[in-house]
Amino acid sequence: FRLGPLSYLTKLLWVIDIFFFMTGLGAYHSLSKNPSLLPFYKRRYMRVYPCYLPVILIYVIPIFVYAIRFSPELLLRNVQEFLGNLFLMGWFAGLDNQFNWYIQALMVFYLVAPPMVLLVKHFEGSGKKLAGLLLFFCVTQVCFFGSGFLVAYARTIAFIMGIIAADLAVRNKNFKLNVPLMLILCVIGNGLA
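Residues numbered from 1 in each chain as written. Predicted model: local features only at pLDDT ≥ 70, side-chain atom pairs only at ≥ 80, totals over all residues. Heavy atoms only, no water.

K.L.:
Hey, could you run me through unusual backbone geometry in this one?
P.N.:
Excluding glycine, a negative phi dihedral is what most residues carry, and trans is how most peptide bonds are arranged. In this structure, L88 is a non-glycine residue whose phi angle is positive, near 60°. Along the polypeptide, L88 turns up in the loop between helix 3 (75-86) and helix 4 (90-93). Taking relative accessible area as the criterion, L88 reaches 8% and is therefore assigned buried. If you check the backbone angles, E124 has positive phi at about 50° while not being a glycine. Along the chain, E124 turns up in the loop between helix 5 (101-122) and helix 6 (127-139). (Helix = DSSP H or I, 4+ residues; strand = E, 2+ residues; numbered from the N terminus. Buried < 20%, exposed > 50% of the residue type's maximum accessible area, 1.4 Å probe, protein only.)

So this is what it looks like as structure tokens:
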């Protein structure tokens, strides 16, 4: 039974959503153990960047070689693109030849993790407030329709759901993950994304 390329794409998209969900879980637990911001950012940076840097170098070297050899007028643009990749800001700046939106979005999620964790903790497990927070990110996706940023912004919901799930698990030691409900929510969230 062959599912076709659409099924493969759907599985690939779900993997990203699941990873952002798990990133929310990890950020919550990391900040709960040590709420100091500088050590949190340093730990996140040291987990991502040492693996990312060699890949970026392998990615941009052929681009530079091509520019030097065939199109020197593009060299300045290539330097901008390299710096965008290096400092994880190129995708947001709208530069071409960015390695991947995912790593750059992941780093932004890490930047917003501390205030999100504080906000979720402040809501103290209130279903209405947490639902309102998720609804806010669902509705505000409309602002990004037609923009390349929608691909990352839509994943904010999965990230926040990870933070909420971690908070609920900490608040209620007998908390059991309702797998059928989580699968339904994942399908709905993926449909929105």
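K.L.:
Can you walk me through helix 8 (residues 156-171) in this structure?
P.N.:
Note that an α-helix has 3.6 residues per turn; residues three or four places apart therefore point the same way. Its 16 residues place the ends of helix 8 22 Å apart at the C-alpha level, agreeing with the 22 Å of an ideal helix rising 1.5 Å per residue. Among the 16 residues of helix 8, 12 are classified as buried, and the element is accordingly described as predominantly covered. Considered for burial, the residues of helix 8 that qualify are T156, I157, A158, F159, I160, M161, G162, I163, I164, A165, A166 and D167. (Expected span 1.5 Å × (residues − 1).)

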